[in-house]
Each structure stands twice: as C-alpha cells, then as structure tokens.
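Listed below are the residues making up each chain.
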Amino acid sequence: MAARGSAVAVEALTAYRSLLRATRKSFAGDTVMLQGSAAEVRKKFEENRHVTSETEIRRLIDEAREASDFISNMIVQAKLNSRGGYEVKASMDHAGATLEIPTEEILKKSV
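Computed from a predicted model, the values in this text were never measured in an experiment.

Draft legend 1. Quick peek at the overall build of the protein chain. Looking only at helices and strands, one finds four helices and two strands in the protein chain. Helices (α) and strands (β) of the protein chain occur, in sequence order from the N terminus, as α-α-α-β-β-α. Within the protein chain, the proportion of its 111 residues that are buried is 19%. The contacts of the protein chain with a sequence gap of at least 6 include a subset with a gap of at least 24, amounting to 50%. Of the roughly 8,400 Å² of accessible surface on the protein chain, a fraction of 58% belongs to carbon and sulfur atoms.

Draft legend 2. How the structure looks around the nonpolar core. Counting residues in hydrophobic clusters, the biggest one holds 11 residues: Val-8, Ala-15, Tyr-16, Leu-19, Leu-20, Ala-22, Val-41, Ile-57, Ile-61, Ala-64 and Ile-71. For this core, the elements supplying multiple residues, two or more each, are α1 (2-26) and α3 (54-74). Among the elements that take part in this core, α1 stands out by supplying six residues, more than any other. Among all residues touching Val-8, those that are not within four sequence positions of it are Glu-54, Ile-57, Arg-58 and Ile-61.

Draft legend 3. Geometry of the packing of aromatic side chains. Evaluation of the coordinates by the stated rule reveals one aromatic pair. Centroid distance Tyr-16 to Phe-45: 5.0 Å. Interplanar angle 75 degrees. Geometry classified as edge-to-face. One end of the pair, Tyr-16, is in helix α1; the other, Phe-45, is in helix α2 (residues 31-47), and 29 residues separate them in sequence. Under the relative-accessibility criterion, Tyr-16 is labelled buried at 17%. According to the relative accessible area criterion, Phe-45 is partly exposed, its value standing at 26%.

Conventions used here
- Residues numbered from 1 in each chain as written.
- Predicted model: local features only at pLDDT ≥ 70, side-chain atom pairs only at ≥ 80, totals over all residues.
- Heavy atoms only, no water.
- Helix = DSSP H or I, 4+ residues; strand = E, 2+ residues; numbered from the N terminus.
- Buried < 20%, exposed > 50% of the residue type's maximum accessible area, 1.4 Å probe, protein only.
- Contact = heavy atoms within 4.5 Å.
- Areas by Shrake-Rupley, 256 points an atom, 1.4 Å probe, with all protein chains shown as cover.
- Core = buried A, V, L, I, M, F, W, Y, C linked by side-chain atoms within 4.5 Å.
- Phe/Tyr/Trp six-rings, centres within 6.5 Å; stacked < 30°, edge-to-face > 60°.

Here you go:
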C-alpha cells in the first residue's frame, strides 16, 4: 500500500511541475503573470494537500494535467510591437496546430 501511495505522490509532483513548466512557457517574459500563475498553482495544490481519497487524488491529478495542456496549447500572449499594436506568435502547439488563416468558404461552413 505504501508503494501505491508514493506512486500517487510522484504523479502529483509530476503534474505540479508540468503545470509550472506550462506557465513558464506560456508567460515567458511577463513577470506579473509568471508570479501570479505560480502562486495560483501552488495555492491549488496546497488547498488539496490533505486529500486522502485515492479517487479524489486521481481526479485532481487529471484536472492538473488538463490545466497544463490547456495552458500549453490554448494560451498565447500578445506582445506590444513598435507600431503600437499587438502581435501574437502562435506556435504549432496552439489550438491543435490550426495556424492557417480561414478562408471565406471555411467561415461560411462554420456558421
């Protein structure tokens, strides 16, 4: 039983680190967001530190993995350019790698 508990603890730590990596990648260069997101991740894990139900722990780990995936793939930061506008540089990771500009035909089909 102790081995199972330590395996779950390792999974939780891995999920925690994955979330922090995702926030560091998505919010690189934005100190306020980096600090705020790290504090929020820490807070959520601390709030659930005393959960003992393995089913609940598994649910929380899955939730953390989903959050990490969401942050990595769905959040793109816009940066102010020299012309006073904002630029977004999405990578192939974002939004399922759909980085092409939609045509009128595609837009009509989506309605």
